[in-house]
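Per-entry structural report
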Amino acid sequence: MWQVVIAAAGAFQSASASRQAGQAALREARAQAAEVRLQKQDVALLATQAHEDQQAQFAEMVAYNTAAVAAGGRVGRSAAALKKREQQLYGKSVDRLRLQEAREKAALEKEAKAIERRGVQARKSYRAQARNTLFDTAYKASAFIPSGTSEAPKEET
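The rules behind the values
- Residues numbered from 1 in each chain as written.
- Predicted model: local features only at pLDDT ≥ 70, side-chain atom pairs only at ≥ 80, totals over all residues.
- Heavy atoms only, no water.
- Helix = DSSP H or I, 4+ residues; strand = E, 2+ residues; numbered from the N terminus.
- Contact = heavy atoms within 4.5 Å.
- Areas by Shrake-Rupley, 256 points an atom, 1.4 Å probe, with all protein chains shown as cover.
- Phe/Tyr/Trp six-rings, centres within 6.5 Å; stacked < 30°, edge-to-face > 60°.
- Buried < 20%, exposed > 50% of the residue type's maximum accessible area, 1.4 Å probe, protein only.
- Salt bridge = Lys/Arg side-chain N within 4 Å of Asp/Glu carboxyl O.
- Polar contact = N/O pair within 3.5 Å; in protein donor to acceptor, adjacent residues only side chain to side chain.
- Core = buried A, V, L, I, M, F, W, Y, C linked by side-chain atoms within 4.5 Å.
- Patch = residues over 30% accessible without salt bridge, like charges linked within 9 Å, V, L, I, M, F, W, Y side chains within 5 Å.
- Lys, Arg positive; Asp, Glu negative; His and termini not counted.
- Charge placed at Lys NZ, Arg CZ, Asp CG, Glu CD.

A separate point is the overall build of the protein. Helix and strand counts for the protein stand at two helices and zero strands. A fraction of 92% describes how many contacts in the protein between residues 6 or more apart in sequence connect residues 24 or more apart. Surface accessibility of the protein: about 11900 Å² in total, with carbon and sulfur atoms responsible for 56%.

A few words on the packing of aromatic side chains. One pass over the full model with this rule turns up one aromatic pair. Seen from their ring centres, Phe58 and Tyr90 are 4.8 Å apart, and the 20° between their planes marks the pair as stacked. Of this pair, Phe58 sits in helix H1 (residues 2-72) while Tyr90 sits in helix H2 (residues 77-142), placing them 32 residues apart in sequence. Classification of Tyr90 as buried rests on a relative accessible area of 19%.

A few words now on the pattern of salt bridges. Enumeration according to the criterion identifies six salt bridges in this entry. With a shortest N-O distance of 2.9 Å, Lys40 and Glu109 are connected by a salt bridge. Here the residue Lys40 occupies a position in helix H1, and Glu109 occupies one in helix H2, the gap between them amounting to 69 residues. Here Lys40 falls in the partly exposed class, since its relative accessible area comes to 22%. On the basis of relative accessibility, which here comes to 18%, the residue Glu109 falls in the buried class. With a shortest N-O distance of 3.3 Å, Lys105 and Glu101 are connected by a salt bridge. Of this pair, Lys105 and Glu101 both sit in helix H2, four residues apart, which is roughly one turn of the helix. Lys105 sits in the partly exposed class, given a relative accessible area of 27%. What makes Glu101 buried here is its relative accessible area of 11%.

So, about the side chain of Glu109. Reaching out from Glu109, the side chain makes a polar contact with the side chain of Arg37 at a distance of 2.9 Å. In this structure Glu109 touches Arg37 and Lys40, once residues within four positions along its chain are discounted.

Turning next to the environment of Asp95. One can find Asp95 in helix H2. For the pair Asp95 and His51, spaced 44 residues apart in sequence, the C-alpha separation works out to 9.9 Å.

Now for the nonpolar core. Counting residues in hydrophobic clusters, the biggest one holds seven residues: Ala29, Ala33, Val36, Val43, Leu108, Ala112 and Ile115. Residue contributions to this core peak at four residues, all from H1. Once residues within four sequence positions are removed from consideration, Val43 is found in contact with Glu101, Glu104, Lys105 and Leu108.

Here we take up a positive patch on the surface. Taken together, the side chains of Lys110, Lys113, Arg117 and Arg118 define a basic patch exposed on the protein surface. Here Lys110 is to be found in helix H2. Note on Lys110: relative accessible area 63%, which makes it exposed.

See below:
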């Protein structure tokens, strides 16, 4: 009988350790996902800095073109056309920059979700392992427990 008690205690301890390992795996996965999500902020910051750089370049280009137009004697429509062309190029550049930022953020979020899913799966695996340990031990312990259906001796008449 003491074998059953020792086996049960070992099974419960093993199951508990498996559950704790599952929780630890999930916590670790969530921490890694949080780190990946922090990278999204870095991507946004870099995109904003690049946008500010492009704004400064655009302002310099407009100032240069204005000075060149004035020095060259151009007036009216040709100066406006030059400015409009630069605005279109600047707009396309900013659109590309923001699109790239959105793609990078989406990729990082996808990665973070995948990491979390792996953590959830690891936790489920550890829980199943704990359950299997308990069932296996219960099955093995049942061999040591005498069955309660022993027959009483029959009376002869």
